[in-house]
Amino acid sequence: MTAMAAMPMPDGEVPTAGVPRPLAQALAAELVLASSMLADLAYDLGSDDATLRRHMASLQRIDHITQIQLAIADLLRTSRGADSDIAQVTLQDMADRLRTFLTSDAA
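Being a predicted model, the structure only gives us computed values, none of them experimental.

## A closer look at the environment of Leu59
Reasoning step 1: Of note, Leu59 is situated in helix 4 (residues 56-78).
Reasoning step 2: When the C-alpha positions of Leu59 and Gly46 are compared, they lie 7.3 Å apart, and in sequence the two are 13 residues distant.
Reasoning step 3: Beyond its immediate sequence surroundings of up to four residues, Leu59 is in contact with Ala42, Leu45, Gly46 and Leu52.

Below is the structure:
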């Protein structure tokens, strides 16, 4: 066990591994900021009718990326490191990828 893993958290939780809670909170805030910036960019691009018509699928992918980033931010803010945390992910494709990763990582 690493020194960080043995340190109690402010809420009494003891992390098992990974990112310290303050860093997880800071990373979550950065993801929210990046999502906002991408959403603003997509809005700007989509406000031009010609660009919107030509690049609708790409603009929708930008929206999907922002949703993924916000879901990751939520996990970083609230996760206790349990597999059940994936239940809070509302993007099914992302939740499926996370479950697949956790299943293959455990094997």
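## Quick notes on the packing of helix 2 (residues 21-46) against helix 4
Reasoning step 1: Running from N to C, helix 2 and helix 4 point in directions that differ by 165°, and their axes come no closer than 8 Å. Between helix 2 and helix 4, the crossing angle belongs to the class labelled roughly antiparallel. The element helix 2 and its partner helix 4 pack so that their crossing is left-handed.
Reasoning step 2: Split into classes, the residues belonging to the contact of helix 2 with helix 4 amount to 17 nonpolar, six polar and two charged.

## Digging into a nonpolar patch on the surface
Reasoning step 1: A surface patch of nonpolar side chains, amounting to about 230 Å² of accessible area, comprises Val19, Leu23 and Leu27.
Reasoning step 2: Tracing the sequence through the fold places Val19 in the loop between helix 1 (3-6) and helix 2.

## Section: the nonpolar core
Reasoning step 1: Among the nonpolar cores identified, the biggest contains eight residues, and these are Ile68, Ala71, Leu75, Ile86, Val89, Leu91, Met94 and Ala95.
Reasoning step 2: At the level of secondary structure, the elements contributing two or more residues to this core comprise helix 4 and helix 5 (92-106).
Reasoning step 3: Considering each element in turn, this core owes the most residues, three residues, to helix 4.
Reasoning step 4: With residues up to four places along the chain from it excluded, the contact list for Ile68 reads Leu91, Met94 and Arg97.

## Description of the pattern of salt bridges
Reasoning step 1: Scanning the entire structure with this criterion turns up three salt bridges.
Reasoning step 2: Residues Arg97 and Asp93 are paired through a salt bridge, measuring 3.3 Å at the closest nitrogen-oxygen approach. One end of the pair, Arg97, and the other, Asp93, are both in helix 5, four residues apart, so they sit about a helical turn from each other.
Reasoning step 3: For Asp93, a relative accessible area of 33% corresponds to the partly exposed category.
Reasoning step 4: For the salt bridge of Asp96 with Arg99, the shortest nitrogen-to-oxygen distance reads 3.8 Å. Here the residue Asp96 and the residue Arg99 both occupy positions in helix 5, the gap between them amounting to three residues, near one helical turn.
Reasoning step 5: Judged by its relative accessible area of 39%, Arg99 is partly exposed.

Conventions we followed
Residues numbered from 1 in each chain as written. Predicted model: local features only at pLDDT ≥ 70, side-chain atom pairs only at ≥ 80, totals over all residues. Heavy atoms only, no water. Helix = DSSP H or I, 4+ residues; strand = E, 2+ residues; numbered from the N terminus. Contact = heavy atoms within 4.5 Å. Axes fitted to C-alpha atoms, helices over the stretch in contact; angles between N-to-C directions. Parallel < 35°, antiparallel > 145°, perpendicular 65-115°, else oblique. Left-handed = near helix turned anticlockwise from the far one by under 90°. Nonpolar A, V, L, I, M, F, W, Y, C, P; charged D, E, K, R; others polar. Patch = residues over 30% accessible without salt bridge, like charges linked within 9 Å, V, L, I, M, F, W, Y side chains within 5 Å. Areas by Shrake-Rupley, 256 points an atom, 1.4 Å probe, with all protein chains shown as cover. Salt bridge = Lys/Arg side-chain N within 4 Å of Asp/Glu carboxyl O. Core = buried A, V, L, I, M, F, W, Y, C linked by side-chain atoms within 4.5 Å. Buried < 20%, exposed > 50% of the residue type's maximum accessible area, 1.4 Å probe, protein only.

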